[in-house]
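Structure at a glance
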Amino acid sequence: MKADLGGCSFGPSRGGGGLFLIGCVFLASALAGCAHVQRDEALAARVDALMRPLVDGHQFSGAVVLTRRGKVVYQRGFGLANRTSDNPYTPRTPGDGGSLAKTFTAAGVWGLAHEGRIDLDAPVTRYVAEYPHAETTVRHLISHSNGLPWDYGWFDPHFGKDELRTTQAMLKVLALHAPTPAFPPGSQFEYSSLGFDVAALLIERVSGQSYEDFLTQRFFSRLGMRDSFLRPGRLSDWIGVRTLGYRWRDSAWVLFDVFDMEAFWGGSNIYFSAIDLSRWASAHSSGTALPAAVFETGLLPAKVGGVESGLSGLNWYCDKARTRCYYSGDLNAFYSFVYWDRARDESVVYVSNSTIPPWRRGWLVRELKDALAGQPSQVSPPVRFELLDPKDLSAVVGVYDNKDFGSINLTKGAQRLRARVADGLEYDLFPVGDGVLYLPGMDLWLRFSGGMPPSSLHVRSALADTVFHRSQR
């Protein structure tokens, strides 16, 4: 953990509060310390106008960075990173990146495989001897098909309140209390952060480096990611001012922060600034993040049970041409989104510590990428969405059709609602508030309209909005 976060990210507040705090001052001398910027005045005006209602409506504090052909064309911070010390949020402010850590872990595994140091189809036990499930392969770890507990809460009864949770300690618990996986590895999709934690441990064993040193050498230093680091397990060990997470409740900001005692990395727990994530995104849009051979194979859809997953092997959601890809990180108040376009060599990054409403997340990245590309906004007609009872979602069960995209079949599983898109894999659905269901594995947000049971299913992604109608079959 480095003590000096550097740049224009933190320091005493100069100039008081306000809801629309600008992060880095847009002067050439200041920008030289943050990124090479080619300011686009028309773009800046459009993005500022887009962000202002979100900030004024207590829906966004964080930072936005847009790049074109490797140059930053827009960067700005909004609101506060720490409301106790009044630190403004800037493009250089590090915040919890949540699951965006997975894109680095997957890149590390695929890079080592390309060098012949890892066999993706070898059992995990070849590299991590204490892994408790002999049939699980390395590929299963990073394709969300390993059968590990999907929720870290599963481990709560096995750790004391002040006991650090490491990946090795969790593997010991699994060996004692879950000696067999929840399902045959490779047979179904279940979103798995722990699988990536184990993959990070595997990287350490194969490379002979700590996970942080490996990432620093392979990615952070090479790409100039100066504000990226692994958080300490104990938050009390934090050096300096920490970015905190908040949500707006009853006309005030209320703390909604990360969890303490998490000493595991790989699936989460890396802090990034928006500038650093834009360097990661821009390296992908230019094709320089990884060797070309790794890109070509790693961006192919991962397969689970012989069926293509919604995620690539490198853990990105991509369009069919594999030129536009994206991923997000979500943990309590923290939300980050990274999008890159290899055809246009453009990237969009936004990070937040303020619980962006779920239905606004995909919309925001679409608005930002359209602004960057000089395209008109995608206007959606107003819809009266139905509220959902998260404890009883049976009313939305059914088949919904769209003539261009086929069908979505919602069924009631043993523990939660399940969704199958066309003839693809089946995925779990999770209520995320405001009548929205989230589908990890395809990065889709779902809402319903037309009464109960609903007549229409509205599906939002980072690329488009689509409406499906309840089947009359």
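Here the structure is a predicted model, which is why all the values come from computation and not from measurement.

This part is about helix α10 (residues 358-373). Counted at 1.5 Å a residue, the expected span for α10 with its 16 residues is 22 Å, and the 24 Å between its end C-alpha atoms agrees. Of the residues one or two after α10, glycine 374 is the one with positive phi, at around 75 degrees.

Taken as a whole and judged by the stated rule, the model has 21 salt bridges. Put simply, arginine 92 and aspartate 227 hold a salt bridge, and the shortest N to O gap is 2.4 Å. One end of the pair, arginine 92, is in the loop between β4 (87-88) and β5 (95-96); the other, aspartate 227, is in the loop between α7 (211-223) and β7 (229-230), and 135 residues separate them in sequence. Both residues of the pair, arginine 92 and aspartate 227, belong to the buried class. Here the salt bridges share partners, and the residues they tie into one network are Asp40, Arg68, Arg344 and Glu346.

In space, the 9 strands of this open sheet follow the order β21-β20-β19-β18-β26-β25-β24-β23-β22, with antiparallel pairing throughout. The open sheet has two edge strands, β21 (426-428) and β22 (430-433), and neither has a second partner. Neighbour-to-neighbour, the strand axes of this sheet turn through a mean angle of 30 degrees, independent of strand direction.

Taken together, the 6 strands give an open sheet; going across it, the order is β2-β1-β17-β16-β15-β14, and neighbouring strands pair in antiparallel fashion. The open sheet has two edge strands with one neighbour each: β2 (71-78) and β14 (317-318). Note that strand β15 (residues 324-331) and strand β16 (residues 334-341) share 8 bridges and pair antiparallel. By the bridge assignment, aspartate 330 is partnered in β16 with tyrosine 335. Sheet strands in contact with helix α8 (residues 274-285) are β1 (62-68), β2, β16 and β17 (346-352), and its direction is about 155 degrees off that of β17. Here α10 sits on the sheet and contacts β1, β2, β15, β16 and β17; the angle it forms with β17, its principal contact strand, is near 140 degrees.

We now examine the nonpolar core. Ranked by size, the top nonpolar core spans 127 residues in total, and within it Phe60, Leu66 and Tyr350 carry the most contacts. Looking at this core element by element, the count peaks at 9 residues for helix α6 (residues 193-207). Sequence-distant contacts of leucine 66, defined by excluding residues within four places in its chain, comprise Leu43, Val47, Lys71, Val72, Val73, Tyr74, Ser347, Val348, Leu368 and Leu372. Grouped together as the second largest cluster of nonpolar side chains are 7 residues, Trp238, Val258, Leu331 and Phe334 included.

Looking now at the state of the cysteines. For the structure shown, the criterion picks out 1 disulfide. Between the sulfur of cysteine 318 and that of cysteine 325 lies a disulfide, 2.1 Å long from S to S. Disulfide cysteine 318 to cysteine 325: torsion about the S-S bond roughly 110 degrees, handedness right-handed. Cysteine 318 sits in the partly exposed class, given a relative accessible area of 23%.

Turning next to helix α3 (residues 101-114). Helix length check: α3 (14 residues) gives 20 Å between terminal C-alpha atoms against 20 Å at 1.5 Å per residue, within 8%. Counting buried positions along α3 gives 12 out of 14 residues, so the element sits mostly inside the fold. Two residues or fewer after α3 comes glycine 116, characterised by a positive phi angle close to 80 degrees.

A word on unusual backbone geometry. As a rule of thumb, non-glycine residues mostly have phi less than zero, and peptide bonds are mostly trans rather than cis. Cis geometry is found at the peptide bond from methionine 452 to proline 453, where omega equals 0 degrees. As for its placement among the helices and strands, proline 453 is situated in the loop between β24 (444-449) and β25 (456-460). Even without being glycine, asparagine 315 reaches a positive phi, approximately 70 degrees. Looking at the element boundaries, asparagine 315 is found in the loop between β13 (307-312) and β14. Phi is positive for threonine 355, which is not a glycine, with a value near 45 degrees. By secondary structure assignment, the location of threonine 355 is in the loop between β17 and α10.

Scoring rules and cut-offs
- Residues numbered from 1 in each chain as written.
- Predicted model: local features only at pLDDT ≥ 70, side-chain atom pairs only at ≥ 80, totals over all residues.
- Heavy atoms only, no water.
- Helix = DSSP H or I, 4+ residues; strand = E, 2+ residues; numbered from the N terminus.
- Expected span 1.5 Å × (residues − 1).
- Salt bridge = Lys/Arg side-chain N within 4 Å of Asp/Glu carboxyl O.
- Buried < 20%, exposed > 50% of the residue type's maximum accessible area, 1.4 Å probe, protein only.
- Pairing = 2+ DSSP bridges.
- Axes fitted to C-alpha atoms, helices over the stretch in contact; angles between N-to-C directions.
- Contact = heavy atoms within 4.5 Å.
- Core = buried A, V, L, I, M, F, W, Y, C linked by side-chain atoms within 4.5 Å.
- Disulfide = S-S within 2.5 Å.

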